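Results of the structural survey
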Amino acid sequence: MDRKQHYFVKIAEKEINEMSIPDRSTEYEIVATHNEVETLRELFLEENKNAKNSVEYLSKPFDEWGADDERNSYDDHLISVYRNVYRLGTDKTKEKINELGILKQ
């Protein structure tokens with residue numbers, strides 16, 4: 001059985017660590033199995049692909065065809081990352097994410 005342990009997630013940096021690494025970025029504590037952490041890592045990889053596509057459209061300011069769809073896709077994916085972190089998060093993590101006001105309850 002895959003046992004749960006504490007991890008620390010930095011969404012902006014797309015990092016998941018087994019110990020807290022305090023710095024200026026926001027860190028979210030989660031309690032997860034190895035498989036749940038791997039799923040979150042896969043979401044980060046997918047987010048990188050979405051971000052690359054969004055940047056491609058942003059670099060063409062007069063070519064708006066498809067740009068809104070790409071930006072919305074990136075935003076939706078980022079919300080999915082926050083939902084997963086929230087689901088696995090400690091009470092303090094859930095409080096931090098609730099303060100952001102980005103998840104519809």
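What counts, and at which threshold
- Numbers given for residues are sequential positions, taken from 1 along each chain in its written order.
- The predicted nature of this model means local features are confined to residues of pLDDT at least 70 and side-chain atom pairs, given and counted, to a pLDDT of 80 or more, with totals for whole chains, interfaces and linings taken over all residues.
- The side-chain values count all of the structure's non-hydrogen atoms but skip hydrogen atoms and water molecules.
- Buried means the residue's accessible area, taken with a 1.4 Å probe over protein chains only, is under 20% of the maximum for its type, while exposed means over 50%, and partly exposed covers the values in between.
- Strands are runs of DSSP state E lasting at least two residues, helices are runs of H or I lasting at least four, and both sets are numbered from the N terminus onward.
- Should DSSP find at least two bridges between two strands, the strands are regarded as paired.
- The term polar contact refers here to a pair of N or O atoms within 3.5 Å; inside protein, the definition further demands a hydrogen-donor-capable atom paired with an acceptor-capable atom, and it admits residues adjacent in sequence only when both atoms are side-chain atoms.
- Axis definition: a line fitted to C-alpha atoms, over the contacting stretch in the case of helices. Angles run 0 to 180 degrees between N-to-C directions.
- When a carboxyl oxygen of Asp or Glu is within 4 Å of a side-chain nitrogen of Lys or Arg, the pair counts as a salt bridge.
- Aromatic pairing here means that ring centres of Phe, Tyr or Trp (its six-membered ring) are within 6.5 Å. Orientation follows from the plane angle: under 30 degrees is stacked, over 60 is edge-to-face, and everything else is tilted.
- In this scheme, the term charge over a ring applies when either NZ of a lysine or CZ of an arginine sits within 6 Å of the ring centre and within 35 degrees of the ring normal.

1. Looking at the pairing of strand 3 (residues 28-32)
Strand residues, when the strand is regular, have side chains that alternate between the two faces of the sheet. Of the two faces of strand 3, only one is covered, namely that formed by Tyr28, Ile30 and Ala32; the face formed by Glu29 and Val31 stays uncovered. The pairing of strand 1 (residues 5-10) with strand 3 spans five bridges and is classified as antiparallel. Across the sheet, Gln5 pairs through a bridge with Ala32, a residue of strand 3.

2. Here we look at the side chain of Asn17
With respect to the secondary-structure elements, Asn17 resides in strand 2 (residues 15-17). Of the polar contacts made by the side chain of Asn17, one reaches the side chain of Glu15; its length is 3.5 Å.

3. Looking at the sheet that holds strand 3
Spatially, three strands are ordered 2-1-3 in an open sheet, and the strand pairing comes out antiparallel. Only two strands of the sheet have a single neighbouring strand rather than two, namely strand 2 and strand 3. Across the sheet, the axes of successive neighbouring strands diverge by a mean angle of 35 degrees, strand direction being ignored.

4. Description of the pattern of salt bridges
Summed over all chains, the structure comprises four salt bridges. In this structure, Asp23 and Lys10 form a salt bridge, with 3.0 Å as the shortest nitrogen-oxygen distance. On the criterion of sequence distance, the pair formed by Asp23 in the loop between strand 2 and strand 3 and Lys10 in strand 1 is long-range, its members being 13 residues apart. A relative accessible area of 48% places Asp23 in the partly exposed class. Across the pair Arg87 and Glu36 runs a salt bridge, and its minimum N-O distance is 4.0 Å. Taken as a pair, Arg87 in helix 2 (residues 67-88) and Glu36 in helix 1 (residues 34-58) lie far apart in primary sequence, 51 residues in all. Through salt bridges that share partners, Lys4, Glu36 and Arg87 make up one connected network.

5. Structural notes on the packing of aromatic side chains
Throughout the structure, instances matching the rule amount to one aromatic pair. Look at Tyr28 and Tyr82: their rings are 6.1 Å apart centre to centre, the planes differ by 85 degrees, and that puts the pair in the edge-to-face class. Separated by 54 residues along the polypeptide, Tyr28 in strand 3 and Tyr82 in helix 2 bring together distant segments of the chain. Taking the relative accessible area as the measure of exposure, Tyr28 reaches 4% and is therefore buried. For the cation-ring pair, Lys94 lies above Tyr86, with the distance from its terminal atom to the ring centre recorded as 5.6 Å. One cation-aromatic arrangement involves Lys96 over Tyr28; the distance from NZ or CZ to the ring centre is 5.6 Å.

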